[in-house]
Amino acid sequence: MDVMDTARPLDGAGLSAFLRSLPAKPLLLGLGEARHFVGELGELRNELFRHLVEHEGYRSFTIESDCLRGLLVDDYITTGADTLAEVMERGFSHDFGASPANRDLVAWMRAYNEEHEEKLRFSGFDGPLEYWAESPRQALTALHALLDGPLPGLATLDALLGPDERWSNEATAMDPAQSIGRSDEAQRLRLIADDLVALLDTQAPRMSVEDRERAELYGRTAVGLLRYHHWLADDSPVRWGRLSALRDAMMAANLRAVAERGPAMVFAHNLHLQREKSLMRFGEQTLEWWGAGAITAARLGDRYAFLASAFGTAGEDVPPPDTVEGVLSTLPWDRAIIDSRRLAGAVAGPAPRVSQDFAYFPLDPGHLGTIDGIVFLKRATPQR
């Protein structure tokens, strides 16, 4: 089989043809990033999402960004609350609000909603965390405000939470002794969060759909943050593996909620969306954990599809010809979509690519059989 037989040029028609080749229409279509902050990939993503909305019935977009901040963006595109500049500044984590492609996407979604009765929805599906984590205050107090009945008072929550700076101390990432995640106050808050989530289940019938969705998000986030802080305070060798797994489990829980709305595009790093275990060098350790995509695929089966991105020449980094990216660079198109399972049978023993860009994660040749497709850009320009 020739490599050309596994690929087609990537535009809206090419994406639709690829979707028709899958065993089922995906509820969640994941587009992975081989590297964050690549402008060409963001622009292509926007083009593909517009096609999915206009021709494939997709109505939701979710990104690897803080799920609570994402509510500000969703409010903007659905109601016009705040301004575009404000939501780009406050509605994203990880500096993603500075991305021109993300700004263009949010502006287009708002313009679409102004002209259509059936609204597009936006969400972040990451937790309010990176290596360290935010305070659970916002999630706990917002959940508390949506519930009725005998509840712990806000003064009790405030006393247990204390200053937010104790929680959002970035030094806890490398120094477990600075974390308060296993303090008496944190343990009591974990019990309270568990009780509030259980109470939410008993009160769900009286809530509007919007209030119930938000309450469930706040509950997931509060419980997830308190678990994460608990393990930030751990000083054993399993600490970072457990933290990585907890983060992706939070992502997967948010993706399940996104799937309940109907077909959605998911945009995040390949490591978070792939079906295989994620591996990453971290200091002297190699971390290994099941990512959000693997967890989601285990639950959704073929209603989850994953398109991994890969680049040919990225900046000054040129792939050797015997790597997967080197082989794909021989295709005649600047942008292509490849059936990766067929590609696995068309290339004999490709070598792993070793990139000079530490932020670029090359395709693992051993994973081709578990990827639905590859979105390949012959040239890419990392922005940072």
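About the cut-offs
In every chain, residue numbers begin from 1 and rise along the written sequence. Owing to the predicted nature of the model, reporting of local features is limited to residues with pLDDT of at least 70; listing and counting of side-chain atom pairs is limited to 80 or more, with chain, interface and lining totals taken over all residues. Only hydrogens and water are set aside; all other atoms, that is, all heavy atoms of the structure, feed into the side-chain values. For the purposes of this entry, the term helix denotes a DSSP run of H or I that reaches at least four residues, the term strand denotes a run of E that reaches at least two, and both are numbered from the N terminus. By definition, residues are in contact when any of their heavy atoms lie within 4.5 Å. The domain boundaries here were taken from an automatic or database domain assignment. A simple way to read buried area is as the amount of 1.4 Å-probe accessible surface that goes missing from two parts once joined, with both sides added. Per-residue accessibility, obtained with a 1.4 Å probe over protein chains only, is compared with the maximum for each type, and a residue is labelled buried under 20%, exposed over 50%, and partly exposed between these values. The definitions used throughout rest on a 1 Å grid laid over the protein atoms alone, on which a cavity is an enclosed set of points accommodating a 1.4 Å probe that cannot get out and a pocket is an open set flanked by protein within 12 Å on both sides along at least five of seven lines; lining residues are those having an atom within 4 Å of a point. Grid points are joined across faces, edges and corners, and a volume is the space filled by probe spheres set on the points. Residues are grouped as follows: Ala, Val, Leu, Ile, Met, Phe, Trp, Tyr, Cys and Pro are nonpolar; Asp, Glu, Lys and Arg are charged; every other residue, Gly included, is polar. Strand pairing requires that DSSP identify at least two bridges connecting the strands. Every angle, taken between N-to-C directions, lies between 0 and 180 degrees, and every axis is a line fitted to C-alpha atoms, over only the stretch in contact when it is a helix. Classification of ring pairs uses Phe, Tyr and Trp, with its six-membered ring standing for Trp, and accepts pairs whose centres are within 6.5 Å; under 30 degrees between planes counts as stacked, over 60 as edge-to-face, and the remaining range as tilted. Helices are assigned an expected span. That span is 1.5 Å times one less than the residue count.

As recorded in an unreviewed UniProt entry, the protein goes by the name Erythromycin esterase, listed as coming from Spongiactinospora rosea.

**A closer look at the environment of P263**
Within the fold, P263 resides in the loop between helix 11 (239–259) and strand 5 (264–269). Sequence separation between P263 and P26 is 237 residues; the distance between their C-alpha atoms is 6.7 Å. When sequence neighbours within four positions are dropped, the list of residues in contact with P263 reads K25, P26, L27, G57, Y58, R59 and S60.

**Re the domain arrangement of the protein**
Structurally, the protein comprises domain 1 (3–129 + 251–380) and domain 2 (136–234). With 11 residues of domain 1 at the interface, the matching set in domain 2 holds 10 residues. Regarding the contact of domain 1 and domain 2, the summed buried area is about 990 Å², with carbon and sulfur atoms giving 64% of it. The three residues of domain 1 that bury the most area against domain 2 are L68, L71 and L129, which together make up 48% of that side's buried surface.

**Focus on unusual backbone geometry**
Of note in this structure, F37 is not a glycine but carries a positive phi near 60°. Within the secondary structure, F37 is located in the loop between strand 2 (28–33) and helix 2 (39–56). By relative accessible area, F37 is classed as buried at 15%. Backbone geometry places D82, a non-glycine residue, at a positive phi of 65°. One can find D82 in the loop between helix 3 (70–79) and helix 4 (84–90).

**Some points on empty space enclosed by the protein**
Scanning all chains against the criterion turns up one cavity of 30 Å³ or more. Of the volumes computed, that of the largest cavity is approximately 30 Å³. In terms of residue count, the dominant contributor to the lining of the largest cavity is strand 2 (three residues). When the residues that make up the lining of the largest cavity are grouped by side-chain class, the tally is six nonpolar, one polar and no charged.

**Quick notes on the layout of surface pockets**
Within this model, the largest pocket holds a volume of roughly 1,000 Å³. Lining the largest pocket are 38 residues, and of these H36, H94, E130, Y131 and R247 lie nearest its centre. Those elements that provide at least two residues to the lining of the largest pocket are strand 3 (60–66), helix 4, helix 11, helix 12 (270–273) and strand 6 (278–282). With five residues, the single largest contributor to the lining of the largest pocket is helix 11. Considered class by class, the residues forming the lining of the largest pocket number 18 nonpolar, eight polar and 12 charged.

**Topic: the side chain of H51**
By the element assignment, H51 lies in helix 2. A relative accessible area of 14% places H51 in the buried class. The residues contacting H51, other than those within four sequence positions of it, are G12, A13, L15, S16 and E56.

**Digging into the sheet that holds strand 1 (residues 7–9)**
Across the sheet, which stays open at both edges, the eight strands sit in the order 1-9-10-8-2-5-3-4 with mixed pairing between neighbours. Each end of this open sheet is capped by a strand with a single partner; those strands are strand 1 and strand 4 (121–126). On average, each strand axis in the sheet is inclined to that of its neighbour by 25°, with strand direction left out of account. Here strand 3 pairs with strand 4 via five bridges, running parallel. Across the sheet, residue F61 finds its bridge partner in strand 4, namely F122.

**As for the packing of aromatic side chains**
This structure, assessed with the given rule, holds 10 aromatic pairs. Residues F37 and F96 carry aromatic rings whose centres are separated by 5.5 Å and whose planes lie at 50° to one another, so their mutual orientation is tilted. On the criterion of sequence distance, the pair formed by F37 in the loop between strand 2 and helix 2 and F96 in the loop between helix 4 and helix 5 (100–115) is long-range, its members being 59 residues apart. Judged by its relative accessible area of 6%, F96 is buried. Between W240 and F282, the ring centres sit 4.8 Å apart and the planes meet at 45°, which makes this aromatic pair tilted.

**Brief notes about helix 2**
Given a rise of 1.5 Å per residue, 18 residues ought to cover 26 Å, and the 25 Å separating the end C-alpha atoms of helix 2 matches this to within 8%. Within the span of helix 2, buried status applies to G39, L41, G42, L44, R45, N46, L48, F49, H51, L52, V53 and E56. Immediately downstream of helix 2, the backbone of G57 shows phi near 80°, a positive value.

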